[in-house]
Amino acid sequence: MSDARAALRRGTASDHERLDSLFGGFRLDDPIQYRAFLTAHAMALPAVEQALDEAGFAAQLDDWPQRRRGDAIAADLTALGAPVPARLVAPRLDTVAAQWGAAYVIEGSRLGGALLARGVPDDLPRSYLATPQAPGAWRKFLECLDKHLRLPQDITQATETARAVFGLFEQAGRHVTG
């Protein structure tokens, strides 16, 4: 496991567990609950993607534009007859380390999404959860993460931002459940 990834994983473990518990309560085989799940993600993920775009993250990760999934969430919600919700406010991404912390969360969610897509029935849209990824994309991401997060203070800042992004998703999940 990469050094930066290991540090981020340790530093965000409780946030990740809390989010898994919250979103694990959604039944993805139920159209109403699946729509709520997608709505929560649509409140958070596109906000983070936009913040990364505005911060110039494509200069850090050249295939960043192809990794974006906000349009896929919008397409799935439209297919379900649901409106695309207003976005929450993403954390500030004014440093390279902060950008990598945010990207770590949303790129990791792609891996989890591929597993969750298996629980979505064939008659429901799943372009968001099953967005294809180029072979080796995760490995490339981790190599770039390690390259950009070498100093302890960078890893600390990336971890703080990753925790804020987890918190944004949690806020969205609680909004639709509560």
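Procedures and definitions
Residues numbered from 1 in each chain as written. Predicted model: local features only at pLDDT ≥ 70, side-chain atom pairs only at ≥ 80, totals over all residues. Heavy atoms only, no water. Helix = DSSP H or I, 4+ residues; strand = E, 2+ residues; numbered from the N terminus. Expected span 1.5 Å × (residues − 1). Buried < 20%, exposed > 50% of the residue type's maximum accessible area, 1.4 Å probe, protein only. Polar contact = N/O pair within 3.5 Å; in protein donor to acceptor, adjacent residues only side chain to side chain. Core = buried A, V, L, I, M, F, W, Y, C linked by side-chain atoms within 4.5 Å. Contact = heavy atoms within 4.5 Å. Bend = angle between axes of the 7 residues up to and from the residue. Salt bridge = Lys/Arg side-chain N within 4 Å of Asp/Glu carboxyl O.

Description of helix α2 (residues 31-54)
Right, on to step 1. Taking 1.5 Å per residue, 24 residues should reach 34 Å; α2 reaches 34 Å between its end C-alpha atoms and fits that length.
Right, on to step 2. In terms of residue burial, α2 counts as a mostly covered element, since 17 of its 24 residues are buried.
Right, on to step 3. At the N-terminal boundary of α2, the capping side chain belongs to D30, with an oxygen 3.0 Å from the backbone nitrogen of I32.
Right, on to step 4. Positioned one or two residues after α2, G56 has a phi angle of 80 degrees, which is positive.

Concerning the nonpolar core
Right, on to step 1. Within the largest apolar cluster, 57 residues are counted, with the highest numbers of intra-cluster contacts made by Y34, L52, F141, L145 and L149.
Right, on to step 2. Every element with two or more residues in this core is listed here: α1 (3-23), α2, α4 (70-79), α5 (96-117), α6 (137-148) and α7 (152-177).
Right, on to step 3. Looking at this core, the element that brings in the most residues is α2, giving twelve residues.
Right, on to step 4. In this structure L145 touches A4, R5, L8, W100 and Y104, once residues within four positions along its chain are discounted.

Examining α1
Right, on to step 1. Its 21 residues place the ends of α1 28 Å apart at the C-alpha level, agreeing with the 30 Å of an ideal helix rising 1.5 Å per residue.
Right, on to step 2. Most pronounced at T12, the bend in α1 amounts to some 60 degrees.
Right, on to step 3. Residues of α1 that are buried include every one of A4, R5, A6, A7, L8, T12, D15, L19, L22 and F23, and no others.

Brief notes about the pattern of salt bridges
Right, on to step 1. In this structure the tally under the stated criterion is 14 salt bridges.
Right, on to step 2. A salt bridge links D15 to R163; its shortest N-O distance comes to 2.6 Å. Of this pair, D15 sits in helix α1 while R163 sits in helix α7; the two residues are 148 residues apart in sequence, bridging distant segments of the chain.
Right, on to step 3. Here D15 falls in the buried class, since its relative accessible area comes to 3%.
Right, on to step 4. Residue D122 pairs with R126 through a salt bridge whose shortest N-O separation is 2.6 Å.
Right, on to step 5. The exposure class of D122 is exposed, given its relative accessible area of 69%.
Right, on to step 6. Three or more residues are tied together by salt bridges with common partners; here these are D62, D63, R67, E107, R110 and K140.

Nothing here speaks to function; it is geometry throughout.
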